[in-house]
Each structure stands twice: as structure tokens, then as C-alpha cells.
Amino acid sequence: MGTASSLVSPTGGEVIEDTYGAGGGEACEIPVEVKPKARLLRSSFRRGAAAAGAGPGSLPRAAGAAGLLGASFKSTGSSVPELEYAAEYERLKKEYEIFRVSKNQELLSMGRREAKLDTENKRLRAELQALQKTYQKILREKESALEAKYQAMERAATFEHDRDKVKRQFKIFRETKENEIQDLLRAKRELESKLQRLQAQGIQVFDPGESDSDDNCTDVTASGTQCEYWAGGALGSEPSLGSMMQLQQSFRGPELAHSSVDVEGPFANVNRDDWDVAVASLLQVTPLFSQSLWSNTVRCYLIYTDETQTEVDLFLKDYSPKLKRMCETMGYFFHAIYFPIDVENRYLTIRKWEIEKSSLVILFIHSTLPSLLVEDCEEAFLRNSEGKPRLIYHRLEDGKVTSDSVQQLIDQVCNLKKAHKAKIIDHSGAPAEGVYKTYICVEKTIKQDILGLESTDLETKDLGTEESIPEEDDFGDVLWDIHDEQEQMEAFQQASNSVHELGFEKYYQRLNDLVAAPAPIPPLLVSGGPGSGKSLLLSKWIQLQQKSSPSILILSHFVGRPMSTSSESSLIIKRLTLKLMQHSWSVSALTLDPTKLLEEFPRWLEKLSARHQGSIIIIIDSIDQVQQVEKHMKWLIDPLPVNVRVIVSVNVETCPAAWRLWPTLHLDPLNPKDAKSIIIAECHSVDIKLSKEQEKKLERHCCCPTTCNALYVTLFGKMMAHAGKRGNLDKILHQCLQCQDTASLYRLVLHSIQESMASDVERELMRQILCLINVSHNGVSESELMELYPETPWAILTSLIYSLHSMRLLTYGCGLLRFQHLQAWETVRLEYMEDATVISSYRQKLISYFTLQLSGHDRVTWRTADELPWLVQQQGGKQKLHDCLLNLFVSQNLYKRGHFAELLSYWQFVGKDKSAMAAEYFDSLKQYEKNCEGEENMICLADLYETLGRFLKDLGLLSQAVVPLQRSLEIRETALDPDHPRVAQSLHQLASVYVQWKKFGNAEQLYKQALEISENAYGADHPHTARELEALATLYQKQNKYEQAEHFRKKSFKIRQKATRKKGNLYGFALLRRRALQLEELTLGKDTADNARTLNELGVLYYLQNNLETAEQFLKRSLEMRERVLGPEHPDCAQSLNNLAALYHEKKQYDKAEERYERALDIRRRALAPDHPSLAYTVKHLAILYKKMIALLCFRGNLTKLYRCMSWLLKFGRNPLAQSTPA
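Cut-offs used in this document
Residues numbered from 1 in each chain as written. Predicted model: local features only at pLDDT ≥ 70, side-chain atom pairs only at ≥ 80, totals over all residues. Heavy atoms only, no water. Helix = DSSP H or I, 4+ residues; strand = E, 2+ residues; numbered from the N terminus. Contact = heavy atoms within 4.5 Å. Areas by Shrake-Rupley, 256 points an atom, 1.4 Å probe, with all protein chains shown as cover. Buried < 20%, exposed > 50% of the residue type's maximum accessible area, 1.4 Å probe, protein only. UniProt positions renumbered as here; feature names shortened; annotations may be inferred. Patch = residues over 30% accessible without salt bridge, like charges linked within 9 Å, V, L, I, M, F, W, Y side chains within 5 Å. Salt bridge = Lys/Arg side-chain N within 4 Å of Asp/Glu carboxyl O. Lys, Arg positive; Asp, Glu negative; His and termini not counted. Charge placed at Lys NZ, Arg CZ, Asp CG, Glu CD. pLDDT = per-residue confidence, 0-100. Pairing = 2+ DSSP bridges. Axes fitted to C-alpha atoms, helices over the stretch in contact; angles between N-to-C directions. Expected span 1.5 Å × (residues − 1). Parallel < 35°, antiparallel > 145°, perpendicular 65-115°, else oblique. Nonpolar A, V, L, I, M, F, W, Y, C, P; charged D, E, K, R; others polar. Core = buried A, V, L, I, M, F, W, Y, C linked by side-chain atoms within 4.5 Å. Domains from an automatic or database assignment. Phe/Tyr/Trp six-rings, centres within 6.5 Å; stacked < 30°, edge-to-face > 60°. Lys NZ or Arg CZ within 6 Å of the ring centre and 35° of its normal. Arc of directions from axis to C-beta.

### Examining the overall build of the protein chain
Thinking step 1. What the protein chain contains, in helices and strands, is 46 helices and 14 strands.
Thinking step 2. Taking as baseline every contact in the protein chain between residues at least 6 positions apart, the subset at least 24 positions apart corresponds to 73%.
Thinking step 3. Looking at the protein chain as shown, the accessible area adds up to about 58300 Å², and 54% of this sits on carbon and sulfur atoms.

### Considering the environment of Leu-770
Thinking step 1. Checked against the element boundaries, Leu-770 lands in helix α24 (residues 760-775).
Thinking step 2. You can call Leu-770 buried: its relative accessible area is 0%.
Thinking step 3. Put simply, Leu-770 and Leu-817 are 47 residues apart on the chain and 9.6 Å apart in space, counted from C-alpha to C-alpha.
Thinking step 4. Those residues in contact with Leu-770 that lie beyond four places of it in its chain are Leu-750, Leu-804, Leu-810, Phe-819, Val-828 and Tyr-832.

### Comments concerning the UniProt feature "repeat: TPR" (unreviewed entry) in the protein chain
Thinking step 1. The positions UniProt marks with the feature "repeat: TPR" (unreviewed entry) are residues 984-1017, 1092-1125 and 1134-1167.
Thinking step 2. Annotated as residues 984-1017, this span is 91% helix and 0% strand, and its ends, taken at the C-alpha atoms, are 10 Å apart.

### Digging into a negative patch on the surface
Thinking step 1. A cluster of acidic side chains, namely Asp-977, Asp-979, Glu-1012 and Glu-1015, defines a negative patch on the protein surface.
Thinking step 2. Structurally, Glu-1015 is set in helix α37 (residues 1000-1018).

### Observations regarding a nonpolar patch on the surface
Thinking step 1. A grouping of Leu-146, Tyr-150 and Met-153 is seen on the molecular surface, where their side chains present a nonpolar patch of about 290 Å² in accessible area.
Thinking step 2. Residue placement: Leu-146 occurs in helix α3 (residues 82-200).
Thinking step 3. For Leu-146, a relative accessible area of 33% gives the class partly exposed.

### With respect to the confidence of the model for the protein chain
Thinking step 1. Per-residue confidence for the protein chain averages 76 on the pLDDT scale, and 75% of its residues sit at or above 70.
Thinking step 2. Note on residues 44-78: pLDDT is under 50 here. Beyond four places in sequence and across chains, it has 16 contacts.
Thinking step 3. Overall, residues 1063-1071 carries pLDDT values under 50, and its contacts beyond four positions in sequence, including any with other chains, amount to 20 contacts.

### Description of the environment of Leu-765
Thinking step 1. Take Leu-765: it is sitting in helix α24.
Thinking step 2. On the accessibility criterion, Leu-765 (9% relative accessible area) is buried.
Thinking step 3. Residues Leu-765 and Tyr-789, 24 residues apart in the sequence, show an inter-C-alpha distance of 8.7 Å.
Thinking step 4. Those residues within four positions of Leu-765 in sequence are excluded, and the remaining contacts are Tyr-789, Thr-792, Ile-796 and Leu-800.

### Focus: the sheet that holds strand β10 (residues 616-621)
Thinking step 1. Strand order in this open sheet of five strands is β9-β10-β11-β8-β12, and the pairing throughout is parallel. At either end of the open sheet lies a strand with only one pairing partner, and these are β9 (553-558) and β12 (664-666). Taking each pair of neighbouring strands and ignoring which way they run, the sheet shows an average axis angle of 15 degrees.
Thinking step 2. Bridging between strand β8 (residues 524-528) and strand β11 (residues 644-651) involves five bridges; their strand directions are parallel.

### Considering the sheet that holds strand β7 (residues 423-427)
Thinking step 1. Spatially, β4-β3-β5-β6-β7 is the arrangement adopted by the five strands of the open sheet, whose pairing is parallel. Strand pairing shows two members of the sheet lacking a second neighbour, β4 (333-338) and β7, which therefore form its edges. Along the sheet, successive strands turn relative to each other by an average axial angle of 15 degrees, direction set aside.
Thinking step 2. Alignment of strand β6 (residues 390-395) against β7, held across five bridges, turns out to be parallel. From the neighbouring strand, Tyr-393 faces β7, where its bridge partner is Ile-425.
Thinking step 3. Strands in contact with helix α7 (residues 309-329) are β3 (297-304), β4, β5 (360-365) and β6; relative to β4, the strand with the most contacts, it is inclined by about 165 degrees.

### Things to note about helix α17 (residues 594-611)
Thinking step 1. Its 18 residues place the ends of α17 26 Å apart at the C-alpha level, agreeing with the 26 Å of an ideal helix rising 1.5 Å per residue.
Thinking step 2. Contact partners of the buried residues in α17: β9, α16 (569-583), β10 and β11.

### Some details on the pairing of β10
The side chains of a regular strand alternate between the sheet's two faces.
Thinking step 1. Counting buried positions over the six residues of β10 gives six, a clear majority of the element.
Thinking step 2. The two faces of β10 match: Ile-616, Ile-618 and Ile-620 on one face and Ile-617, Ile-619 and Asp-621 on the other face are all buried.
Thinking step 3. As judged from the six bridges shared by β9 and β10, these two strands associate in the parallel manner. Bridged to Leu-555 within β10 is Ile-618.
Thinking step 4. Alignment of β10 against β11, held across five bridges, turns out to be parallel. Opposite Ile-619, over in β11, you have Ile-647 as the bridge partner.

### Details of the packing of helix α29 (residues 862-875) against helix α31 (residues 888-896)
Thinking step 1. Their axes nearest at 9 Å, the elements α29 and α31 cross at an angle of 100 degrees. Compared by their axis directions, α29 and α31 come out roughly perpendicular. Contacts between α29 and α31 involve Trp-862, Ala-865, Asp-866 and Pro-869 on the former and, on the latter, Val-890, Asn-893 and Leu-894.
Thinking step 2. When the residues that make up the contact of α29 with α31 are grouped by side-chain class, the tally is five nonpolar, one polar and one charged.

### Description of the nonpolar core
Thinking step 1. Counting residues in each nonpolar core, the largest one holds 133 residues, and the members touching the most others are Phe-381, Phe-716, Met-766, Leu-770, Tyr-921 and Phe-951.
Thinking step 2. Mapped onto the domain boundaries, this core takes at least three residues apiece from domain 2 (291-450) and domain 4 (671-740).
Thinking step 3. With near-sequence residues (within four places) excluded, Tyr-921 lies in contact with Leu-885, Leu-886, Leu-888, Ser-891, Leu-903, Trp-907, Leu-948 and Phe-951.
Thinking step 4. Core analysis: the second largest hydrophobic core is formed by 32 residues, Leu-555, Trp-604, Val-626 and Val-629 among them.

### Description of the pattern of salt bridges
Thinking step 1. Counted by the stated rule, this structure contains 39 salt bridges.
Thinking step 2. The residue Lys-718 makes a salt bridge to Glu-682 at a minimum N-O spacing of 3.2 Å. Pair noted here: Lys-718 is in helix α21 (residues 710-726) and Glu-682 is in helix α19 (residues 672-684), with a separation of 36 residues, a long-range link. We note that Lys-718, like Glu-682, is buried.
Thinking step 3. Close ionic contact of Arg-967 with Glu-929 constitutes a salt bridge, the shortest N to O distance being 2.1 Å. Of this pair, Arg-967 sits in helix α35 (residues 958-975) while Glu-929 sits in helix α33 (residues 914-930), and the two are 38 residues apart along the sequence.

### Looking at a positive patch on the surface
Thinking step 1. A contiguous patch of positive charge on the surface is contributed by Lys-689, Lys-692, Lys-696, Lys-697 and Arg-700.
Thinking step 2. Within the secondary structure, Arg-700 is located in helix α20 (residues 692-701).

### Here's the deal with the packing of aromatic side chains
Any two aromatic rings considered together are summarised by their centre-to-centre distance and by the angle between their planes.
Thinking step 1. Counting across every chain of the model gives 23 aromatic pairs.
Thinking step 2. Site record: aromatic cluster; members linked through ring pairs are Tyr-895, Phe-900, Trp-907, Tyr-921 and Phe-951.
Thinking step 3. Positioned above the aromatic ring of Phe-909, the side-chain terminus of Lys-878 is 5.8 Å from the ring centre.
Thinking step 4. A cation over an aromatic ring shows up here: Lys-999 above the ring of Trp-997, its NZ or CZ 3.8 Å from the ring centre.

### Things to note about unusual backbone geometry
Thinking step 1. Positive phi values are uncommon outside glycine, yet Met-563 reaches one of about 75 degrees.
Thinking step 2. On the secondary structure map, Met-563 appears in the loop between β9 and α16.
Thinking step 3. Judged by its relative accessible area of 32%, Met-563 falls in the partly exposed class.
Thinking step 4. Here Lys-998, not a glycine, exhibits a phi torsion of approximately 70 degrees, which is positive.

### Focus on helix α10 (residues 404-414)
Thinking step 1. Listed as buried for α10 are Val-406, Leu-409, Ile-410 and Val-413. End-on, the buried residues of α10 take up no more than an arc of 95 degrees, which puts them together on one face.
Thinking step 2. The inward-facing, buried residues of α10 abut β5, α9 (374-382), β6 and β7.

This is the structure we're talking about:
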């Protein structure tokens, strides 16, 4: 390669000698053209530059190099002119310039292209932005279009729903009116034909009461019409000609449920207002009954001395378990409560509290009465204002004189009024014999006086056996859970049990305006924060309405803690529907399917509203605690009947959004002045007076909404009162002032009660009891706590419960301990149970307890069925829940008490559908049948098969329901007898499946067999016979065989009527007795018009019990009091006279009846308008009386009085009822 010392000759390819270096160079041939030139030139320049730029140390070499270069050119012998080099340089320079210019042009061109691209890029960016804006606009338009589409679809769905609802309502209305028209036409034809027959016989028809006899009854009814029979307990005979005339004049029909004046009979002329008050007081849920009457617990309090310790020990060991089993068989708890000999009187307050709660007090006494028991005995026996059962066991001993204190107590008890006397058992033998006598007396007292069972039932039934359990047939096919009703009664009573009004008077008028407002109006929303007093407001207002407007029918339901039984939507709807049926006096079958039940409830509401002349108010408290409330309470947004009003209460935070548009009554916090006065009043109730400084602190504290909350103020007052009694008022006041909300105040309450405990054992017991109640489904009973903690004495447990109850933490509900407020439940959960494992451990403790109860015997109590499946479900154990549900007695208990939806929810949690569930039940029954031996077990097996069949029928699995019902029939026919009444029951249930299956021929044959067996077993006039007749009437009506249906229904009605007049059902007469006792307490004061009205009502109630003598006494007292207070010419005196006349009419004392009727008629003629309904009713029933007296007078030959009666009848022969129908 060429170097700086070897150049190419421009003329050719000479060989140039390279002498670079010391040793000379080697001759080589250099190409003529060297490319690229620029590279050669740059190489030469670099060498030269390197030589020029070297340092001082490089100078010799540089010089040498220059010399060598010159020597090299010279040595070749050729001389190159400088001009050539210059030309070459110029050429290269030009080429370089051309190259530079071309490159500059390329750069300029690239710059122009770049500028052009930038411009294009900007244009494209602008277009992109415009496209993005267009896209966003189109997207918004699309979303708007979709939203409009969805709204249109919702409107369409709403329209379709409303259209279907209107169609359904119109269909019901049309069918109802068509049935009414058909009934009226048939009745008209029959009346016309009967009138023609009478006229053909030459008889002039003028008596409006002609149809008073049974064979002249002419009305025709169909199920579901407004004139259907009063199937649940009529007081008189069938509707008469006068009733039919009233029906033709008013489509509302007679008031079968609330007035007996429209139902013919000797006692049918009870004043309308009088009767409305009596029936309303019976059917409304009222708080006027004492807790011992409605509680689900029989509390037996034992008082004893050292001398009678043996008797008490025998009673607790041998007879208390028997009484407990007897009460549990009937669904009640039994507690035998006793305290040790309390020398120091530590439990004085608690003993007094227990005596007030007790249902029965037993005093075991011998010869002496210690002074420390004197106050207990006086409280129990001498201050027994409610007349609760009391029993004294007095052991006598020969040669031993009774002390003065014992004799004085016995004398005082014997001198009491009859209603307050105690039963005394004097025994002089062995203690065991005396205790047995006491047990017999206690058993009878519990059955008759506490539980209200009839004495005839006690003689014929052993309540500890299967036969003693009341059959659900008393209510037809309705499955009724009395515990749900008791729970609601107690919830209402506790909600209204407040001595302070809390300033709610200003809200009453708003609620009254709702009742008076014209329809249609949506439900009224009562809203407020937790503990603001919504339940108290509603309960107090209900009390006011019941007193001021007895014609208003109020149906209420108080929802408890979430997840409890009272918060289950299906049970709420079922209970309200049953109440509607009860007020309609109907025993129709009621479906248990939650979906169908939700559809039937508005129909029953419409049916009752058409009959009821007053308003119907439905109140549901804390409805927001119901799960999926908007889904399960859809009927709230539907149009309601014109006389129906609905009030619901909710918390502000949990109110559904769709309901916020309803008219709302919001409860504000209390006024600071009212809050302070309530706390001071609570302190004054225990004789504690606050200082001025303490009052100032209190006033400064009650200034914000949370400290003026109603529950907070009530709890604050309780804390102050409790602290005042203990003597640490300043300390507790300071601690309370640090609490700014209810939750923190509840925590202070817990800590305060714990500090008052005597030992750590009691503190731990309190914590465990609160945790067990917290994790339970509906609460825990005291007897269950005693079994869970057997080492705990009654005195310790009762003291603890008293402290928790007095501080508003716990309360009683249906015999169970539960939290009084939801915030108390939440506080215990946060204070003691933050860890999930703690919650699980307490649940497991309850599961183990109820599982042990389940394994002890085949019969399960309602408590086990309520708690065990729910607890297992909360634990998440599907297999355990599956095993629990396959315990046939658990499922049977749930179903028979109407907890149908709850049972289905358990199976859904397990993951079984209806068919799989039915198959598993059937397989389980088959397996159980293999181990059944003996008649009793076979009868039990038949009951299980029947329950399964009814359950499957309610599920709609008709083909599968037939198999277990047939098997139940076969077992009963084999184990009992083909003519046994239980066989008739199986036939009835099987026939009902065929009716639902539209197989009317099979159903008719089975119903007739059941009717024949019932008539042979019970007689032709028994309610069970009436049940079969009613079933046949319904069957024929479904087949449009109206004449046959009418025949059987009339026979059924007559039987039920006679049975009701003769005895009535068990529950109804217990209710009548309790109401009568309560009214008697109200009439012990001075003479007033209110007391006279109450006495008159008592006469009505005792008449309903067929106790005519007692009824006469009260009616006479009512008349005498009214004559003294109001004067003998007052219209109310005519009311009492009218009722007395009806009573004498019933007793066939016609002369006395005539005298009272004439006096009543004379008073009403002077006091009332000529067309007043009360005057017309008196005329009507006096005419009926005269008509009955005619035959008797003819027989006696009393022509003068006979002529007078006939003249009177002819005078009023133009049908006095024509003007008696209310407008």
C-alpha cells in the first residue's frame, strides 16, 4: 500500500523506490489510479498534520521525515512541476465544492421536506383532534340513547306491571260483583217464589223478623262474596230477610266482623258502638294485660322457711321437672325460682321484682314466719292487685301451736276479696304427701288459671301426651305460631312502657292527619336515627287511637334485631294475613308459599276493607331491618284501598332510596330542656336530687343531637339513678359526661355493672351470658342458662339479669332474654366479640347444647327447631345443616308453626331443589319406618308422613304429595281403626291435594268418607263435622254446583254457630276471660260514664262465654250507674235496657224482656230522630219478641195481651228495617 514516502507518477505506472527508513525500501508497482482520491488525500493530510502537531521531542523525526521525502522525490530522477500540483488541488477543490453544494442542496431539500412534513403532521393532528371530539360526541349520544332506551324499557315494564295489576284487580272486582249479583238474583228469585207461595196460602207478609227462624232463612252466599257466612264464630243465627234487604241497599254488606246487629239472633240488638268497642278490645293487640297473662313463661316463685326446707327440696326434685315437661309440651317455659334464706336482705329488691313477674307464688310455711319474709308475703299475697294465683302450703303438727305472725297472715288472706284470695292447703301428715297435694293444686292452677284451659279438657286429656296437643284443625288449614303473636304483644307492651312522653305530642296530630287524609296516599314514613323513639311514638299513638276511635282497626308489627324471626318478611306477611283473616272471621286455607302469600295479602286487605266501615291502619316498625325489604314489601307501592293507611318507620341511614319520596315524619332530637328534665325526673323517681352545679353540667352536656337522642337520654337517666342509689353520683356523672353517643354510654353501662359484681366468677358469667344471647337467633331462656351453667344459683342469675334489665341492656320476649335495643347488641359485639373465633366458639356452645337436647328424645321443642338449624347455618356447616334438617321432628316443628319460608331457605343453603328435598325426606321416613315398633311410634310415623304430604302440597309437588298422604292413611287405618277420627283427618288432607290437582271426583269421595267418620265419631253438631261440610261446599262451588254448595255451607254455618254459642274455642275463651278480668279491674273506682260503659262491655263478654248470670249482674250494674250518673232518660240507659232485654229474651223471660224493650223504645223515641238506626233496631227486636210471645199467649189464654201484641205488630207492619240501614 502507498505511504507518505511513495507517490504515484502521473504519467504511468512507474516503480518508485521508497527509501523511507534506514535500510532503504522495496520497489513495488503502484496502480495508476488510486480510488478514492479523497481517501489518499486525507491520508497525506493526516500524516502532515501529525508531523506538524508533534511535540519538541518529535522534531528530529519530523525533520528527518521531511528530508527523506525530499530525498525520495529527488532520488527518482523526475521533477514534478508545482503547477500540476496546483491544478490537481484546484480540481480537488472544485470537486469538493461541488460535493459541498450538492450536499447543501440535499440538506435544504430535506429541510423543505421536513417543514412540509411538519405542516402535514399539524394538519393530521388537527384532524385527529376533530375526529376525537366527534367520537366523544357520538359516544355521549350513544350513551344517552341507551339510557333513554333503558328508561323506556323500565317505563314499559312498569306499565305492563301496572296494567297486569289493574287487570287482576278488575278481574277480582268483576268476579266479586258478578258473584254478588248472582247471589242477589238467586235470593230474589227464592224470596219471590216464597212470597208467591205465602200469598197463595192467603197469608199476608208484613213481619220483618219472619226469617228469624232457621227454616225461613233464605240468603244464598258464595265464598269470597261480601255476604258470606261468619264462619269463625257467629253470635246469632243466619242472616235474615232484613239482612238481605240491607244488602240490597248497600253493597258493603253487613258488618259481620264488628257488629252483631246485622246478624240475626236473640243478642243481635247490642248497640253498634257498644259492640265495636268490645270486639276491638278483643282483637286489637293491646298493652292492657299484665305480663303474666301474655308471657310465654310460667314463673313459680317459692317462699319457704327453715322448717319447710324439706318440702321445698321434694317439690324441686320430684315435681318441678314434671311441671316443666307439661309446660314445654304446650310451648311454655316453666321456672321454679327460689332464694336462699336471706338473713342480710341482700336480695330484697330482686325478690320484689321476681314476685311482680311471677305467675304463681307458693308459700311453704309451718309454725313460724321469720320477719325477713314478712315483706315478701305481704307483697305476694296482700298487695296482689292483678289477682294472680297464690297458694299457701301450711303444715300442721299436733301439739305445736302456730305463731301469731302465721295466723295473722292466713286471716288477712282469708279476708281478701274472692278475686284476690289465695288457696290454702292445710296438711298434717308426712311432708311427701303434702308436697304431692301441692303439686296437684299447682298443676290445676297452671292449666286453668294461668294457661286458661277448660276444666272439661283437663278431665279428659292428659296434657303430657300426644292427644293433649291442640290440633291445628281448630284454625282449619292455617298453621298458626302462637309464639309469634306473643312476641308481638310483648314487643308492643315494652315499646309503649315509658313513663316519659319525650315530647312526642307534637307528632300525634301529623299521624292523625294521615288517617283523615283523602285517598289515595302513599305510606307515611316515620324516620329518625337509631334510638330516636320511633317505636315509642307509634305504640303510644296506637294506644291513643284505640281509646279514642275503637272502630279503627290497627294491625301492627314490631321488627326486632336483624336476622331474628320477627324480621323475616314471609312471617310478617303471613302474620298480617292471618290477622286480616281473623278480623274477617274466616277459616279459609292459607298458602305458605312466600310468593303466593305476597300475592294473596293485598286481596285479603281489599276483602276486609270492603267490609270494615272504619279505617284500617297497618303499622310496621323498623321495616328497614327486613332483608331485601323492597323486594318482599312491593305491595307498599301498589295502590291501597281507600280506607287503608300504612305507616312504616325506618332509620335515616338505611331507608331505601325509592321510599324517600314518600311523605315523611322525621323525629328530631329532644329539646335540650326536655332532655335535662327527663334525666332529673328519673333521678327524682328514686329520691335523688341533683345539685345546681350538676344540673348546669347536665345542661351544658345536652346540647348536641347525639346527647339529646331519646335512647341516650333514657340511658343517661338510668345510670344517674343507679349511681345515686349506690352513692357514687359524682363519679358516674363525670364518666357519663365523657360519653358523647349511645354506644359509648352502653360501654360505660357494661363496665359499671361489671364493677358492681362481687367476684370475677360473676363478671365472667355476665360476659358469657351476654355473648350467648348475642349469637343466638331469638334469645336464650333462663332455664337454658341454668342448664348451660348448672353450678349457678338462681339468686346469682336473677341478680345479674335484674341489673342488665334495669339498665336497658336486656329484656324479655316470648320468655327469652334478648337485647332491648339494637345498639346494645352492637355494643356487646364490639366489646366482647371482636374476634370471629370468639363468635364461632359461642355459637358452637349453643349448637352442642341444642344437639344434646335433640338427641335426648324424639319430640323436639320449638326452641330447638328455632335455634339449631339457624346456628348451624351461621357456622357455614352445610353437611351438619343437612343432617339437622333430615331430623324429621325438627322439620315437622318448623312447618307446623308456619315457618315454611325459613325451612326452604335452609334447604337452599344446603343446595337442594324441591324434588331432591322431597326425595331425601321420603328416604329418611322410610329409614325411620324400619325402626318403628309399637302403636305409639306408628301413630307418630303417620303424623310425619302427613306433615311431609302437606309440605309437598304447599310446594306445588302434588303428585309427590299423594304418596306420603296415602301412606299416612294406610298406617292410621292399620294402627288405629278405619273409623278413627285421625283417619278422617288423613282423608281430608288427601282430598285437599286432589282438589288442588283438579281431580274433583276423587276429592268428593274422600271428603264424604271423612264426613261420615266425623259424624260417627263426634256427632252431627261437632266443629270437625262442620269442617268437612265446609270442604264439600267449597268443592261443589269450584264445580259451579251452587245449590249443593249452599246446602253444605248452611249446615256448616249452623254447626259452627251452635258450637260457638255453646262453648267456643279454647284460645277464644281464654282471651275473653282475660279481657273480662282486666275490665273488672277498671271498674273498681267511682261511678263514671266510662265505668258504666266498661260494665256494659263486661256484660257482653260474659254473655259470649255463655255465663248469663254474671252477664246479667254487670248489665244491671251498668244500667244503675248510668241512671245515677247520666239520668234515667239518657240514650245510654236505653242501650243498657236494650242489652238486658236481649239477655232476658235469651233466658226466655219474655215479660222482663218486654218491659226493658218498651222502656228503651220510649227513651229512644224522645231522644233520637224518627229514622235513627238504634230506634229501628229496638222496634225490630221488640217485634221479634212479640211474635214469639203470640203462641205463648194463645196457649195461656191471655187474650188482652195477645190483642195488644198483634195490634203493635200490625202498626209497624211496613218493615221498620227499611230505615235502619246506616248511610
